[in-house]
Amino acid sequence: MSQAPRPLSLQAAQRLILDTEPFLSCDDCFDLVDRYVEALLSDPSHDHPAMRIHLAGCAACAEEARSLMWLVAEERGLDPAPALRHLGDGPA
Ligand SMILES: [Zn+2]
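Source: prediction; values computed, not measured. Every chain is numbered independently, its residues counted from 1 as its sequence is written. Whole-chain, interface and lining totals are the exception, using all residues; otherwise, since this is a predicted model, local features are given only for residues with pLDDT of at least 70 and side-chain atom pairs are given and counted only at 80 or more. With hydrogens and water set aside, each side-chain value is computed from the structure's full complement of heavy atoms.

Draft legend 1. Here's a closer look at the environment of serine 25. Its location among the elements puts serine 25 in the loop between α1 (10-18) and α2 (26-42). Accessibility here uses a 1.4 Å probe with only protein chains present; expressed as a share of the type maximum, an area under 20% marks a residue as buried, one over 50% as exposed, and anything in between as partly exposed. Taking the relative accessible area as the measure of exposure, serine 25 reaches 34% and is therefore partly exposed. The helix count covers DSSP runs of H or I at least four residues long, the strand count covers runs of E at least two residues long, and both are numbered beginning at the N terminus.

Okay, here's the thing in structure tokens:
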């Protein structure tokens, strides 16, 4: 956890307020992971606290998210590195 804190966007702040239960189940995570991966690939500064927290603590879902990220990035000709770093991976 050596990352410098970044200022919250208004949207992120609103999501934080709306997320009264930030801890997802694996089922919830599975439902959201497609959109999360897409959002991260198109905007690496995207944040979804509940997903981030779940993926940080759940190796199975984190692995799923990584695989999906590589797949989607390849399909779109995008560089998955910034998004993967968001998942907690170090530089490739
Ligand atoms: Zn999980």
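There is more to say, and it comes next.
Draft legend 2. How the structure looks around the pattern of salt bridges. The term salt bridge refers to a pairing of a side-chain nitrogen on Lys or Arg with a carboxyl oxygen on Asp or Glu at a separation within 4 Å. One pass over the full model with this rule turns up two salt bridges. For glutamate 38, the salt bridge identified is with arginine 76, shortest N-O distance 2.7 Å. Here glutamate 38, found in helix α2, pairs with arginine 76, found in helix α4 (residues 59-76); they are 38 residues apart in sequence, far enough to count as distant. Between aspartate 47 and arginine 52 there is a salt bridge, with the nearest N and O atoms lying 2.7 Å from each other. Assessed through its relative accessible area of 10%, aspartate 47 is described here as buried. Residue class for arginine 52 comes out partly exposed when judged on its relative accessible area of 34%.

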